[in-house]
Structures are given as C-alpha cells and as structure tokens.
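Per-entry structural report
Here's the letter readout for the chains.
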Amino acid sequence: MTKRRLNQHQQRRISGNQQAHQERNVRDDASATAVSEAVEGNSLDGLIVCHYGKQIDVESLAPEHKGEVFRCFQRSNLPAMVTGDKVLWQIEEGQSGVIVAQQPRHSAMSRPNHRGELRAIAANVDCAVVVIAPKPEPFGNLIDRYMVAIEHLGLRPLLLLNKSDLTTKGSIDVEALLKRYARIGYQTLRVSSHSGDGMEELRQALADYTAVFVGQSGVGKSSLINTLRGLKAGDEEVAQVGDLSVSHHKGTHTTTATRLYHLPGSGDLIDSPGIREFGLWHIESDALMDGFVEFRPLAGRCRFRDCRHKHEPDCALLEAVKRGEIDEARLESYHHILASLEEKS
Ligand SMILES: Nc1nc2c(ncn2[C@@H]2O[C@H](COP(=O)(O)OP(=O)(O)OP(=O)(O)O)[C@@H](O)[C@H]2O)c(=O)[nH]1
Ligand SMILES: [Mg+2]
Ligand SMILES: [Zn+2]
C-alpha cells in the first residue's frame with residue numbers, strides 16, 4: 001500500500017517534472033528564436049539593471065557578453081523604461097550601446113508622479129518589500145498606502161522591520177505595528193542588517209524572486225542589500241549607505257538611482273531611492289476598500305448601499321471593529337486616505 005502510494009507520488013512528480021521540462025523547452029525554443037532573430041537584426045537580449053535618467057545600464061542576457069554591463073541610451077521613439085525592463089539592444093562601441101526595443105512587462109511596482117499619473121519605478125517584479133524601521137519612524141498611513149498599491153498592482157507584499165538591534169523606543173511602537181499586519185495575514189519579518197538577526201529568513205523569503213525594496217529614506221534598504229550580498233563598507237561593489245540627519249533623525253536620500261542586484265544563490269533585488277511621501281493615484285472608495293484585504297469579505301454587507309462606514313447603523317465594518325475582527329487603526333487609515341484622495345480630486 002505504502003509502496004503503491006509512493007509510486008503514484010513518484011509518478012506524479014516525474015510527470016510534473018516532465019511537463020515542467022517540456023514547458024522549459026518550449027520557452028527555451030521561443031527565447032532561442034527571439035535571440036536568433038535579434039542577432040540577425042544585430043540586436044541582443046538585455047536587462048536594465050540601473051536607470052540614471054538619460055543613461056541606462058543594460059546587462060547582456062545574450063550568449064555573447066552574458067552578464068556584462070553596457071552603458072546605453074534608448075532610441076527616442078521608445079516609451080520610458082525602468083530598472084527590471086527586458087530590452088533588445090545593440091552594441092555601439094566598446095562598453096556602450098543603444099536600446100532599440102522594450103519587451104513586454106509582466107508586472108511593475110508603480111507610484112504616481114507629482115501630477116498624479118501612475119509611473120513604474122521597477123519592472124518585472126514579483127514581490128514588493130516595504131521596509132520600515134524604529135528610526136526614522138514610519139509616517140502616517142505610509143504602510144497602508146503601500147499595501148493598497150501593492151494589492152492593486154498584484155504583487156506579493158512583504159513588510160520588513162529593519163534595525164531590530166535598536167532598543168530605544170520612539171513614539172511609535174513598531175513591533176506592535178508589525179504584529180497588526182501579521183494578524184491581517186501579511187508576511188512580516190523582523191531583521192537587523194547590522195547584527196545579522198533574521199537575515200537568513202529574509203534570504204529564504206527572497207530566493208527565486210525578483211523583489212523591490214521600497215520605503216522611506218534612511219530605513220536601511222541599501223544596508224540590507226549589502227548584507228544580503230555579503231558586502232562590507234569599503235568593498236568595491238558596495239551600495240552607498242547614508243547617515244541619518246543629526247537634527248531630524250531622517251534619511252538623507254542617499255540612493256538616487258534604482259538598481260538591480262543579483263543575490264548570491266538565487267533571486268534578484270532592486271534597491272530604490274527613499275521617498276518623502278507616498279501618494280496614491282486616483283481610485284474610487286470601493287477600489288480603496290478592496291486594497292484593505294481584511295475589509296473585502298464585508299463589502300456590500302452594510303445596511304445602506306452608500307454607507308460611509310462612519311456612524312451608520314448596521315455598518316458591517318464598524319461592527320467588525322466592535323467585535324475586534326478589524327483593527328480600528330486600519331479603518332481610521334481608510335478614512336484618512338479616502339479624505340486625502342477626495343481632497344485631491
Ligand atoms: N542600528 C542600525 N542601523 C542601521 C541598520 N541598517 C541600516 N542602518 C543605518 O541606517 C542609515 C541609513 O541606511 P541606508 O542603507 O543608507 O538607508 P536607505 O533606506 O538605503 O536610505 P535611502 O537610500 O536614502 O533611501 C545608515 O546610517 C545605516 O548605517 C540596522 O540594522 N541597525
Ligand atoms: Mg539607499
Ligand atoms: Zn458601512
């Protein structure tokens with residue numbers, strides 16, 4: 001009996017492997033065709049690993065020069081591209097080149113620009129890691145704004161508390177904050193890039209994915225990447241790390257370009273510049289509610305169809321708060337974000 005089950009299990013695994021293998025072959029064939037067509041047209045496959053504004057670093061994915069980085073410009077007829085975009089490019093001379101085409105994206109981490117237009121900051125990412133720290137403290141609703149955006153973009157969210165070695169407590173209890181999100185069902189991790197605490201769990205959570213680190217300036221995004229890559233200050237390839245400002249204990253906007261790093265083992269990680277604020281693009285109240293995952297099952301359950309979930313009788317959300325199923329702070333945050341969106345429009 002055991003043997004039979006084992007065999008069935010093995011069979012499933014083998015046929016699963018075969019299927020994966022076949023799919024891989026089809027993929028390999030497809031990319032081989034793409035490469036050969038590209039080579040005929042003198043173009044190579046590449047990956048944008050850093051975007052400086054006008055100049056773009058492209059890593060060659062083609063068999064020739066594989067892994068080498070070329071400083072490129074993009075042809076002016078092409079749409080704006082970002083770190084993580086797959087491209088076709090051509091060598092011009094030496095280590096420089098020109099991007100001639102953008103490949104389709106499967107996802108992007110985006111945020112609105114100052115005009116409220118949604119703009120990608122990193123392409124082809126699976127996971128968005130929101131990094132917070134006891135110092136600088138997370139500012140009002142920042143995490144919720146990020147979570148709403150990440151839910152809408154269809155990325156896997158991870159909430160990461162860095163600097164767990166700091167023992168002095170600020171005005172915000174970040175440990176309690178982390179627990180709030182863990183209770184909702186979000187994956188959370190508590191680490192210290194300085195002491196190494198929790199870094200192995202982080203490494204495991206990021207293996208096999210392309211993740212982007214987002215968050216305020218000074219929370220330690222670049223420090224975490226250096227630790228994950230096993231680099232120390234003074235090493236040639238180390239990402240620049242900045243002190244907090246003495247007067248305000250805020251970050252000093254050290255990272256200025258979004259850059260992709262290959263992690264030792266597996267996984268890619270994109271470091272992005274710290275933000276001053278995270279505004280949401282224009283979304284309706286229903287869509288906003290949808291971004292609060294624990295509110296979703298209650299949508300449409302209030303007595304009044306146009307319930308604003310403030311003081312109305314038989315409001316499903318208010319009742320869930322009373323029963324302790326929804327955190328009051330999250331409902332307050334929803335109201336706060338909604339008010340700021342209405343103010344903007
Ligand atoms: N105590 C402590 N300090 C840390 C830790 N990680 C980073 N820092 C410090 O936090 C400060 C900011 O670190 P960065 O890595 O530059 O922060 P960042 O998030 O990349 O900042 P921007 O590039 O400006 O967005 C530096 O002084 C780091 O030494 C940590 O785990 N513990
Ligand atoms: Mg940085
Ligand atoms: Zn309601």
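An account of the accompanying structure is given in this report. Residue positions within a chain follow its written sequence, with the count starting from 1. Both sets of labels track the order of writing: A upward for chains, 1 upward for ligands. Predicted model: local features are reported for residues with pLDDT of at least 70 only, side-chain atom pairs are reported and counted for 80 or more only, and whole-chain, interface and lining totals are derived from all residues. Hydrogens are left out, water is left out, and the side-chain values use all remaining heavy atoms of the structure.

Regarding the coordination of the zinc ion (ligand 3)
In the first shell of the zinc ion (ligand 3), the protein supplies Cys-302 (SG), Cys-307 (SG), His-309 (ND1) and Cys-315 (SG), at 2.1 to 2.4 Å from the metal. Each metal's donors are the N, O and S atoms within 2.8 Å of it, or within 3.2 Å when it is Na, K or Ca, and because water is not part of the set, sites may look incomplete. Here the metal geometry follows the donor angles, with tetrahedral for four donors whose angles all fall between 85 and 135 degrees, square planar for four and octahedral for six when opposite donors are more than 155 degrees apart and every other angle is between 65 and 115, and irregular for all the rest. Taken together, the four donor atoms coordinating the zinc ion (ligand 3) span angles of 102 to 114° at the metal, a pattern that classifies the geometry as tetrahedral. Mapping the donors of the zinc ion (ligand 3) onto the primary sequence gives the spacing C-x4-C-x1-H-x5-C. Take Cys-302 and Cys-307: they sit in the same class, and that class is buried. Only protein chains enter the calculation, and the probe is 1.4 Å; a residue is then buried if its accessible area is under 20% of its type maximum, exposed if over 50%, and partly exposed in between.

With respect to the coordination of the magnesium ion (ligand 2)
Note on the magnesium ion (ligand 2): its protein donors are Ser-222 (OG) and Thr-255 (OG1). The metal-donor distances range over 2.0 to 2.1 Å. Linking Ser-222 in helix H5 (residues 221-228) with Thr-255 in the loop between H5 and strand E12 (258-262), this pair joins segments that are 33 residues apart in sequence. Helix and strand assignments come from DSSP, with helices taken as H or I runs of at least 4 residues and strands as E runs of at least 2, each series counted from the N terminus.

What to know about the side chain of Ser-43
Assignment of secondary structure puts Ser-43 in the loop between helix H1 (2-40) and strand E1 (44-51). There is a polar contact of 3.0 Å between the side chain of Ser-43 and the side chain of Gln-90. Pairs of N or O atoms within 3.5 Å make up the polar contacts considered here, provided that, within protein, one atom can donate a hydrogen while the other can accept it, and that residues adjacent in sequence are counted only when both atoms are side-chain atoms.

Thoughts on helix H2 (residues 142-153)
Counted at 1.5 Å a residue, the expected span for H2 with its 12 residues is 16 Å, and the 17 Å between its end C-alpha atoms agrees. All of the buried residues along H2 are Leu-142, Ile-143, Asp-144, Arg-145, Tyr-146, Met-147, Val-148, Ala-149 and Ile-150. The positive-phi residue at the C-terminal boundary of H2 is Gly-154, with phi of around 75°. One less than the number of residues in a helix, times 1.5 Å, gives the span that helix is expected to have.

Let's talk about the site of ligand 1
In the region of ligand 1, 23 residues are neighbours, and Asp-165, Ser-217, Lys-221, Ser-223 and Thr-255 sit closest. Contact between ligand 1 and Lys-221: an oxygen atom at 2.8 Å from a side-chain N or O atom of the residue. One nitrogen or oxygen atom from the main chain of Ser-222 is found 3.0 Å from an oxygen atom belonging to ligand 1. Per-residue and other accessible areas were derived by the Shrake-Rupley procedure at a 1.4 Å probe size, with only the shown protein chains allowed to occlude residues. Calculation on ligand 1 without its partners gives an accessible area of 670 Å², and the protein chains cover 92% of this total. For the shell around ligand 1, the residue count by class is four nonpolar, 15 polar and four charged. A molecule or strand has a residue near it when one of that residue's heavy atoms lies within 4 Å. Under the scheme applied here, ten amino acids are nonpolar (Ala, Val, Leu, Ile, Met, Phe, Trp, Tyr, Cys and Pro), four are charged (Asp, Glu, Lys and Arg), and all others, including Gly, are polar.

Let's talk about the side chain of Gln-90
Position of Gln-90 among the secondary structure elements: in strand E4 (residues 86-93). Under the relative-accessibility criterion, Gln-90 is labelled buried at 19%. Any pair of residues with heavy atoms lying within 4.5 Å of one another is described as a contacting pair. Residues contacting Gln-90, with those up to four places away along its chain left out, are Gly-41, Asn-42, Ser-43, Arg-75, Gly-97, Val-98 and Val-100.

Quick word on the packing of helix H4 (residues 199-206) against H5
Angles shown run from 0 to 180 degrees and are taken between the N-to-C directions of axes, each axis being a line fitted to C-alpha atoms and, for helices, limited to the stretch in contact. It is the contact of H4 with H5, at a shortest axis distance of 11 Å, that shows an interaxial angle of 85°. For the element pair H4 / H5, the angle class is roughly perpendicular. For the pair H4 and H5, the contacting residues are Met-199, Leu-202, Arg-203 and Leu-206 in the first and Leu-224, Thr-227 and Leu-228 in the second. Its residues assigned to classes, the contact of H4 with H5 comprises five nonpolar, one polar and one charged. Should an angle fall under 35 degrees it is taken as roughly parallel, and over 145 as roughly antiparallel, whereas 65 to 115 is taken as roughly perpendicular and any remaining angle as oblique.

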